[in-house]
Amino acid sequence: MKILVCISKTPDTTAKIAFTDNNTKFDTNGVQWIINPYDEWYSLVRAIELKEADASTVIHLITVGIADAEPVIRKALALGGDEAIRVNTENSDAYYIAGQIAEIAKHGQYDLIFTGKETIDYNGSSIGGMIAEFLNIPYVALATKFELNASKAIITREIEGGEEICEVELPVVVSCQKGVAEQRIPNMRGIMAARTKPLKVTEPVAFESLTSIISFELPHAKAGVKLIPADQPEELARLLHEEAKAF
Amino acid sequence: MPVLIFIDTAEGHVKKASLEAICYGAKIAEQLNTAAEGIVLSEVKDDLASLGKYGVTKIHHVNSVALNHLDAQVYIKVIAQIAETTRAKIIVFSNNADGKAIAPGLSVRLKAGLVSGAVTLPDTSKGFTLKKTVFSGKAFANVSVNTDKKIIALNPNAYKIETRDGVAEMIPFQAAVDDGKVKVTKVTKASGEIPLTEAEIVVSGGRGLKGPENWGMIEDLAKSLHAALACSRPVADAHWRPHNEHVGQTGIAIAPNLYIAIGISGAIQHLAGVNRSKTIVVINKDPEAPFFKAADYGIVGDAFEVVPKFTEAIKKLKGIA
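All of these numbers come straight from a predicted model, not from anything done at the bench.

Novice: Help me understand the side chain of Lys100(B) in this model?
Specialist: Of note, Lys100(B) is situated in helix H3 (residues 97-110). Buried charge without a partner: Lys100(B) forms no salt bridge, and the closest opposite charge is Glu118(A), 4.3 Å away. The residues contacting Lys100(B), other than those within four sequence positions of it, are Glu118(A), Ser125(A), Tyr139(A), Leu142(A) and Asn95(B).

In structure tokens:
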């Protein structure tokens, strides 16, 4: 079993969101970078669990980004995984990134490719579906549970207002979310081991982007909360009904 | 060259998120002086022609039992055939579970730039740009689509449903449908409940409620408002409530008309998942709870006293007391 886990570097969940250069660039000043939580907590940890269940499993991590992505990929290696690949290029749109990953995957003979259900910065939910189409293999999005049974994956996925269980022959691309695994904290042994695990740097293939971000904006600030005394919940109900027309 | 809208169904019924996508796609078609046409895959129970009242003039229907369950790879090929036949340049999806599964792969197949999580109509005055949510709702990005063909995945609850007079012409579409590799073996519906992402009103509980045994009053309030239930991350992590109710940055992102947060302090990660809600109500006994800063209405008080009275007041206003 050979697994490829896609890792993205994102701002910490508590990072202040601000923009510079006339609102065209994310302000990275003072921002802590983390492994995208969906990539870390769910897809990477599930891959590690599969390796714990079957020691012959090989896990490769991949990230697309310039050298500043290395601390994050090292941290991912500290959790687990055998080696990492960094495609040395500035991030562009999802099509470009998925194209780079698919190029590596094409030569890697992976049985399973995991992504997070989205990154918490661009919220595209796109990389997994795009990789699958580039490789012409099935894609199961929004998994909440993932099991293996020989050459078959048994996946529970979210649908509107419920869940669906499906079976699919490997290889498959799966996007993972809450439920697939539980967050782990890297231990000292893992951190030490990660230092000597191979981190291969490859150059990108020529590939285009289909979209580009022109500018960013922040939502309008709220006008301020209207406080209602605790002994007058009927007043709150009235305001919601008549003023906010919320029901 | 019509604007195509993927109309998503569940158990034979059209989803609300798809009605929003139809209205949105119809508006784009109007902007571009063309027609809006729907795509329905799978067998349906609803009267599809009546979807004309949301703005589609035709519906391309592939009435195939093989498409009753989603296999993204199979769907993509069928939609690509319809896009080719109609020579459509713009395809609209809802950015819901099915849209997220299908749109990215279709983007690759058609080499069409994808904007997922769109919240506005495209600006075509200079190129083709759309606003989408980024940083889990904490900001927006204006994205330019630089390809001839374009795919838009519209965020649920981001566009208002409007009706008009109209009946859609049904066009049976004969598509080559591959044998899928994904076999659905079981479907579990949270029956009778309103899907969280489609709900107009959401009632949400946090750690302040002290334990799962206290959810009765939250359920009563939700029932009185015909609302969906949600919870904060600590509540889901403690297994007080199921994970599919967890809203926030690492849970489900929602944008209902009304979001009522009870006993939730409002950590930044929670706010990220709910701050696109139109009206936010916070009930919390801690006046310093950060959630009050993001709220429109608030009560500083003990939820156990406030909520039952609040529910009674709502019932009275709705005449169901």
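Novice: Before we go on, may I ask you to explain the pairing of strand S7 (residues 83-87) of chain A in this structure?
Specialist: Regular strands show a simple pattern: their side chains alternate between the two faces of the sheet. Residues and elements named next belong to chain A. Within S7, 5 of the 5 residues are buried, which leaves the element mostly enclosed by the surrounding structure. Burial of the side chains of S7 extends over both faces: Glu83, Ile85 and Val87 are buried on one face and Ala84 and Arg86 on the other. As paired strands, strand S6 (residues 58-64) and S7 are joined by 5 bridges and run parallel to one another. Its bridge partner being in S7, Ile62 is matched across the sheet by Ile85. When S7 meets strand S13 (residues 199-202), the two strands line up parallel, connected through 4 bridges. Residue pairing across strands places Arg86 opposite Val201, the latter belonging to S13.

Novice: Would you mind showing me how to read helix H2 (residues 70-79) of chain A here?
Specialist: Think of an α-helix as 3.6 residues a turn; residues three or four steps apart then line up on the same face. For H2(A), the full list of buried residues reads Val72(A), Ile73(A), Ala76(A), Leu77(A), Ala78(A) and Leu79(A). Two residues or fewer after H2(A) comes Gly81(A), characterised by a positive phi angle close to 105°.

Novice: What's the story with the sheet that holds strand S15 (residues 226-227) of chain A in this structure? I'm lost.
Specialist: Hydrogen bonds between backbone groups are what pair the strands of a sheet, and the pairing can be parallel or antiparallel. In space, the 6 strands of this open sheet follow the order S15(A)-S17(B)-S16(B)-S15(B)-S13(B)-S14(B), with parallel pairing throughout. Lying at the two open borders of the sheet, with one neighbouring strand each, are S15 of chain A together with strand S14 (228-231) of chain B. As paired elements, strand S15 (residues 258-262) of chain B and strand S16 (residues 279-284) of chain B share 5 bridges and run parallel to each other. Pairing of Ala261(B) across the sheet is with Val282(B), part of S16(B).

Novice: How do you make sense of the packing of helix H4 (residues 216-224) of chain B against helix H8 (residues 303-317) of chain B when you look at a structure like this?
Specialist: To characterise two packed helices, one gives the angle between the axes of the helices and the distance between these axes. Residue and element names in this part refer to chain B. Direction vectors running N to C along H4 and H8 enclose 20°, while the axes themselves pass 9 Å from each other. The angle between H4 and H8 places the two elements in the roughly parallel class. In terms of crossing hand, the pair formed by H4 and H8 is left-handed. Across the interface between the two elements, Met217, Asp220, Leu221 and Ser224 from H4 touch Ala303, Phe304, Val307, Pro308, Phe310, Thr311, Ile314 and Lys315 from H8. Grouping the amino acids of the contact of H4 with H8 by side-chain chemistry returns 8 nonpolar, 2 polar and 2 charged.

Novice: Explanation requested: the domain arrangement of chain B in the structure shown.
Specialist: Often the size quoted for an interface is simply the accessible area lost on bringing the parts together. Residues and elements named next belong to chain B. When cut into domains, chain B gives domain 1 (3-172) and domain 2 (196-317). A straight line from the C-alpha centre of domain 1 to that of domain 2 covers 31 Å. Every contact between the two is made by 11 residues of domain 1 and, on the other side, 12 residues of domain 2. Together, Lys16, Lys138 and Asn157 form the three largest contributors to the area buried by domain 1 at its contact with domain 2, with a combined 48%. Taking the shortest distance from any N to any O, the salt bridge between Lys16 and Glu200 comes out at 3.5 Å.

Novice: Could you clarify how one ought to interpret the pattern of salt bridges in this entry?
Specialist: Where charged atoms from two side chains of opposite charge come close, those side chains can pair. In total, this model carries 32 salt bridges over all chains according to the counting rule given. Between Asp178(B) and Lys77(B) there is a salt bridge whose closest N-O contact spans 2.9 Å. One end of the pair, Asp178(B), is in the loop between strand S11 (169-172) and strand S12 (182-189); the other, Lys77(B), is in helix H2 (residues 72-86), and 101 residues separate them in sequence. Judged by its relative accessible area of 22%, Lys77(B) is partly exposed. Residue Asp237(B) pairs with Arg233(B) through a salt bridge whose shortest N-O separation is 3.1 Å. Remark: Arg233(B) and Asp237(B) occur in helix H5 (residues 233-237); sequence separation between them is 4 residues, near one turn of the helix. A relative accessible area of 34% places Asp237(B) in the partly exposed class. We classify Arg233(B) as partly exposed; its relative accessible area is 28%. Linked by salt bridges that have partners in common, Glu160(A), Asp8(B), Lys15(B) and Asp98(B) make up one network.

Novice: Help me understand the packing of aromatic side chains, please; the structure alone is not making it clear to me.
Specialist: Remark: the centre distance and the inter-plane angle together describe each pair of aromatic rings, the angle taken between the planes. On inspection of all chains with the given rule, the structure shows 18 aromatic pairs over all chains. Measuring from ring centre to ring centre gives 6.0 Å for Phe19(A) and Phe135(B), while their planes differ by 55°; the resulting arrangement is tilted. Of this pair, Phe19(A) sits in strand S3 (residues 19-20) while Phe135(B) is found in the loop between strand S8 (129-134) and strand S9 (139-145), placing the two residues in two different chains. This pair shows no difference in class: Phe19(A) is buried, exactly as Phe135(B) is. Counting every residue linked through ring pairs, the aromatic cluster contains Phe19(A), Phe26(A), Trp33(A), Tyr122(A), Phe216(A) and Phe135(B). Lying across the ring of Trp33(A), Lys9(A) places its NZ or CZ 4.2 Å from the centre. Directly above the ring of Phe128(B) sits Lys150(B), whose terminal nitrogen or CZ lies 5.0 Å from the centroid.

Novice: Teacher, can you tell me more about unusual backbone geometry here?
Specialist: Of note, the amide linkage connecting Leu170(A) to Pro171(A) takes the cis form, showing an omega dihedral of 0°. Its place among the elements puts Pro171(A) in the loop between strand S11 (162-169) and strand S12 (172-176). Positive phi values are uncommon outside glycine, yet Asp21(A) reaches one of about 50°. Even without being a glycine, His226(B) presents a positive backbone phi close to 55°. Checked against the element boundaries, His226(B) lands in the loop between H4 and S14. Overall, His226(B) belongs to the exposed group, its relative accessible area being 61%.

Reading the values: rules and limits
- Residues numbered from 1 in each chain as written.
- Chains lettered and ligands numbered in written order.
- Predicted model: local features only at pLDDT ≥ 70, side-chain atom pairs only at ≥ 80, totals over all residues.
- Heavy atoms only, no water.
- Helix = DSSP H or I, 4+ residues; strand = E, 2+ residues; numbered from the N terminus.
- Buried < 20%, exposed > 50% of the residue type's maximum accessible area, 1.4 Å probe, protein only.
- Lys, Arg positive; Asp, Glu negative; His and termini not counted.
- Salt bridge = Lys/Arg side-chain N within 4 Å of Asp/Glu carboxyl O.
- Contact = heavy atoms within 4.5 Å.
- Pairing = 2+ DSSP bridges.
- Axes fitted to C-alpha atoms, helices over the stretch in contact; angles between N-to-C directions.
- Parallel < 35°, antiparallel > 145°, perpendicular 65-115°, else oblique.
- Left-handed = near helix turned anticlockwise from the far one by under 90°.
- Nonpolar A, V, L, I, M, F, W, Y, C, P; charged D, E, K, R; others polar.
- Domains from an automatic or database assignment.
- Buried area = accessible area lost by both parts, 1.4 Å probe.
- Phe/Tyr/Trp six-rings, centres within 6.5 Å; stacked < 30°, edge-to-face > 60°.
- Lys NZ or Arg CZ within 6 Å of the ring centre and 35° of its normal.

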